[in-house]
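The primary structure of each chain is shown beneath.
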Amino acid sequence: MKPSIPQGTRDFSPAEVRRRQYIFNTLRTIFELYGFQPLETPSMENLTTLTGKYGEEGDRLIFKILNNGLHEKKDADKDKLQSEWNNILSKPYSTPVVTERALRYDLTIPFARYVVMHQNDIAFPFRRYQMQPVWRADRPQKGRYREFWQCDVDMVGSTSLINEAELLSIYQTAFDKLKVPVTIKVNSRKLLAALSELCGMPEKMMDITIALDKLDKIGWIGVADELKARGIPEDGIWQIEKVINVKGTNTEKLEAYAGIMQHSATGMEGINELSKTLAYYSDLDPSTALGTVDPASNIVVDISLARGLNYYTGVIVEVVCSSETVKMGSIGGGGRYDDLTGLFGLKGISGVGVSFGIDRIYDVMEELNVFPEQLAEATKAMLVNFGGANETYALQILQQIRVANIPAEIYPDTAKFDKQMKYANKRGIPFVLLPGDEEREKKMVSVKNFSTGEQVIVTIEECIEILSV
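J.: Quick one: what's the story with helix 10 (residues 234-244), residue by residue and with numbers?
T.: The complete set of buried residues in helix 10 reads Gly236, Ile237, Gln239, Ile240, Val243 and Ile244. Seen along its axis, helix 10 keeps its buried residues to an arc of 155°; they face one direction. The outward face of helix 10, more than 90 degrees from its buried face, is lined by the exposed residues Glu234 and Asp235.

Okay, here's the thing in structure tokens:
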């Protein structure tokens, strides 16, 4: 049998894992700096927990898990099994016999479920970060996988817009440290609701949102066609186009929206929330204190930003790489979800959060070649194994090097010298240590630098100093 893996999944080599860990560790340090706590939830959730939370398109992408024992169905049960399959395919919100569980689609809904289940143990406002894989039955393509990691930061139990500003600051800090140039788009679902009011069709908000979410992909003509297909009249489409065409700075855009939406209480509320969020962010952003850059230079108010998930209610955010050399979709996003825990019976708990698309961030960083070079190989030195008494001497040196917290290894077999050197070179190990007869007798070791080709014989203490640089 030819080995393979499921479409839309990937193996990660040691070098790739180190780079991914670099991203995780960078983000974890920032999250802890901002006072967030780590959390993990199960890979699978009850199907009823997930369905109906992501919209029609999202529900179709949920990976459902067969109940135990279905593979043992007898021939006589085939008709019943087929009936169960028909049930799950035709009624996505039901709980058929064939499946009652599913792989998690994202980290936000499981987080909301956790908050409701543990509400008596949590100190509100509750600030958590979570880094785990999620699964979506999507068509695999560049930057889109069926199994991928998400990294979420959320806070629940507070309606303050300081929270939104802090999340913008986290985005700014994180991508600055990862050396990824980004544009951080912000909008409000309340502005989208006001757009549907301008059209005279408030009941069509979700239709308008879904169409606008495709603006970057299909352009305005494509969006207009879809709006028309969804029942939006020509006058309503014209109203939307007028708002979409507003240009200028963030302040100028918000002022223009205020003029257009002045009779919409919902729209004005959204405009005020965005203005206040940006003002808070200006106070929080580290670059403001340093006086180095315009604090809002890469934060852009974009009223076409829709984000198709049903649960956002206020400010929404999306991050895209701004490098002209990288073609990639969203690498992060999120927003305010006032009613999310209410889905599980806990009313009145407001939340806001953002997500980092780890796999896409990795792909962007690889294209930009911004990973630190030292991540390629952790092992700093390899000891050549000459066998006999020299092998014992090599193990003693290895022990001292590791006590000094320097990653090192010994070639386990007494193979030919050339073979051992080729191994070290292929691994990219920067130093090779040669504990031969002469070195053992002098209680020293020869150190070969693979980068320069230089080789010196030194004491063990001097060797450790060389490797510590």
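J.: Account for the confidence of the model for the protein chain, naming residues and giving values.
T.: Taken over all residues, the pLDDT of the protein chain has a mean of 88, while the share at 70 or more is 90%. The low-confidence segment residues 290-296 (pLDDT under 50) makes eight contacts with residues lying over four places distant or belonging to another chain.

J.: So what's going on with helix 6 (residues 162-177)? Residues and values would help.
T.: If you check helix 6, its first and last C-alpha atoms are 22 Å apart, about what 16 residues at 1.5 Å a residue would give, namely 22 Å. Just downstream of helix 6 lies Lys179, where phi reads positive at about 60°.

J.: So, the nonpolar core: which residues are in play, and what are the values?
T.: Membership of the largest hydrophobic core comes to 99 residues, with the highest contact counts inside it found for Leu27, Phe31 and Phe356. Of the residues forming this core, the biggest block, seven residues, is contributed by helix 6. Excluding its chain neighbours within four sequence positions, the residues that come into contact with Phe31 are Phe36, Tyr129, Met131, Cys151, Val153, Ile170 and Phe356.

J.: An account of the packing of helix 1 (residues 14-33) against helix 14 (residues 358-368) is needed here, citing residue identities and associated values.
T.: Where helix 1 contacts helix 14, the axes come no closer than 11 Å and their chain directions differ by 115°. Relative to helix 14, the element helix 1 is oriented roughly perpendicular. In this structure, the crossing between helix 1 and helix 14 has a hand that is right-handed. Facing Glu16, Arg19, Arg20, Tyr22, Ile23, Phe24 and Leu27 of helix 1, the residues of helix 14 in contact are Ile358, Asp359, Ile361, Tyr362, Met365 and Glu366. Classifying every residue of the contact of helix 1 with helix 14 by side-chain character gives eight nonpolar, no polar and five charged.

J.: Quick one: what's the story with the pairing of strand 7 (residues 182-188), residue by residue and with numbers?
T.: With six of seven residues buried, strand 7 is to be regarded as a mostly interior element. Of the strand pairs in this sheet, strand 7 and strand 9 (residues 315-321) are connected by seven bridges, and their pairing is antiparallel. Looking across to strand 9, one finds that Lys185 is bridged to Glu318. By the bridge criterion, three bridges tie strand 7 to strand 8 (residues 299-301) in an arrangement that is parallel. Within the sheet, the bridge partner assigned to Ile184 lies in strand 8 and is Ile299.

J.: Hey, could you go over the environment of Ile406 for me, with residue numbers and the actual values?
T.: Relative to the helices and strands, Ile406 resides in the loop between helix 15 (388-403) and strand 13 (408-410). With a relative accessible area of 5%, Ile406 lands in the buried category. Along the chain, Ile406 and Ile62 lie 344 residues apart, while their C-alpha atoms are 45 Å from each other. Once residues within four sequence positions are removed from consideration, Ile406 is found in contact with Lys380, Ile401, Ile464, Leu467 and Ser468.

J.: Please give an account of the packing of aromatic side chains that cites residues and values.
T.: The final tally for this structure, using the stated rule, is twelve aromatic pairs. Between Phe31 and Tyr129, the ring centres sit 5.4 Å apart and the planes meet at 45°, which makes this aromatic pair tilted. Here the residue Phe31 occupies a position in helix 1, and Tyr129 occupies one in strand 5 (residues 126-135), the gap between them amounting to 98 residues. Seen from their ring centres, Tyr411 and Tyr423 are 5.3 Å apart, and the 75° between their planes marks the pair as edge-to-face. Of this pair, Tyr411 sits in the loop between strand 13 and helix 16 (417-427) while Tyr423 is found in helix 16, placing the two residues twelve residues apart along the sequence. Following the ring pairs from residue to residue traces out a cluster consisting of Phe31, Tyr129, Tyr171, Phe175 and Phe356. If you follow Arg19 out to its NZ or CZ, it ends over the ring of Phe371, 5.8 Å from the centre. Taking the ring centre of Phe12 as reference, the NZ or CZ of Arg20 above it sits at 4.0 Å.

J.: Give me the lowdown on the sheet that holds strand 6 (residues 147-156), citing residues and values where you can.
T.: Two strands in a sheet stick together by hydrogen bonds in their backbones, pointing the same way (parallel) or opposite ways (antiparallel). The eight strands lie next to each other as 1-5-6-11-10-9-7-8, forming an open sheet whose pairing is mixed. Edge positions in the sheet fall to strand 1 (37-38) and strand 8, since each has one partner strand and no second. Inspection of the sheet shows strand 5 paired to strand 6 by ten bridges, in the antiparallel sense. Residue pairing in the sheet places Phe126 in a bridge with Val156 of strand 6. Relative to strand 11 (residues 351-357), helix 14 is tilted by about 45°, and along the sheet it contacts strand 6, strand 9, strand 10 (330-336) and strand 11.

J.: Quick rundown of the side chain of Arg104? Include the residues and the values.
T.: Mapping Arg104 onto the fold places it in the loop between strand 4 (99-103) and helix 5 (108-117). We note that Arg104 is buried and unpaired, the nearest opposite charge coming from Glu45 at a distance of 6.0 Å. A distance of 2.7 Å separates the side chain of Arg104 from the backbone oxygen of Pro133, its partner in a polar contact. Look past the residues within four positions of Arg104 in its chain and what remains in contact with it is Thr41, Pro42, Ser43, Glu45, Leu50, Pro110, Gln132, Pro133, Val134 and Trp135.

J.: So what's going on with the environment of Arg336? Residues and values would help.
T.: Inspection of the secondary structure assignment puts Arg336 in strand 10. Between the alpha carbons of Arg336 and Arg427 there is a distance of 46 Å; along the sequence they are 91 residues apart. A distance of 2.6 Å separates the side chain of Arg336 from the side chain of Ser350, its partner in a polar contact.

About the thresholds
- Residues numbered from 1 in each chain as written.
- Predicted model: local features only at pLDDT ≥ 70, side-chain atom pairs only at ≥ 80, totals over all residues.
- Heavy atoms only, no water.
- Buried < 20%, exposed > 50% of the residue type's maximum accessible area, 1.4 Å probe, protein only.
- Helix = DSSP H or I, 4+ residues; strand = E, 2+ residues; numbered from the N terminus.
- Arc of directions from axis to C-beta.
- pLDDT = per-residue confidence, 0-100.
- Contact = heavy atoms within 4.5 Å.
- Expected span 1.5 Å × (residues − 1).
- Core = buried A, V, L, I, M, F, W, Y, C linked by side-chain atoms within 4.5 Å.
- Axes fitted to C-alpha atoms, helices over the stretch in contact; angles between N-to-C directions.
- Parallel < 35°, antiparallel > 145°, perpendicular 65-115°, else oblique.
- Left-handed = near helix turned anticlockwise from the far one by under 90°.
- Nonpolar A, V, L, I, M, F, W, Y, C, P; charged D, E, K, R; others polar.
- Pairing = 2+ DSSP bridges.
- Phe/Tyr/Trp six-rings, centres within 6.5 Å; stacked < 30°, edge-to-face > 60°.
- Lys NZ or Arg CZ within 6 Å of the ring centre and 35° of its normal.
- Lys, Arg positive; Asp, Glu negative; His and termini not counted.
- Salt bridge = Lys/Arg side-chain N within 4 Å of Asp/Glu carboxyl O.
- Polar contact = N/O pair within 3.5 Å; in protein donor to acceptor, adjacent residues only side chain to side chain.

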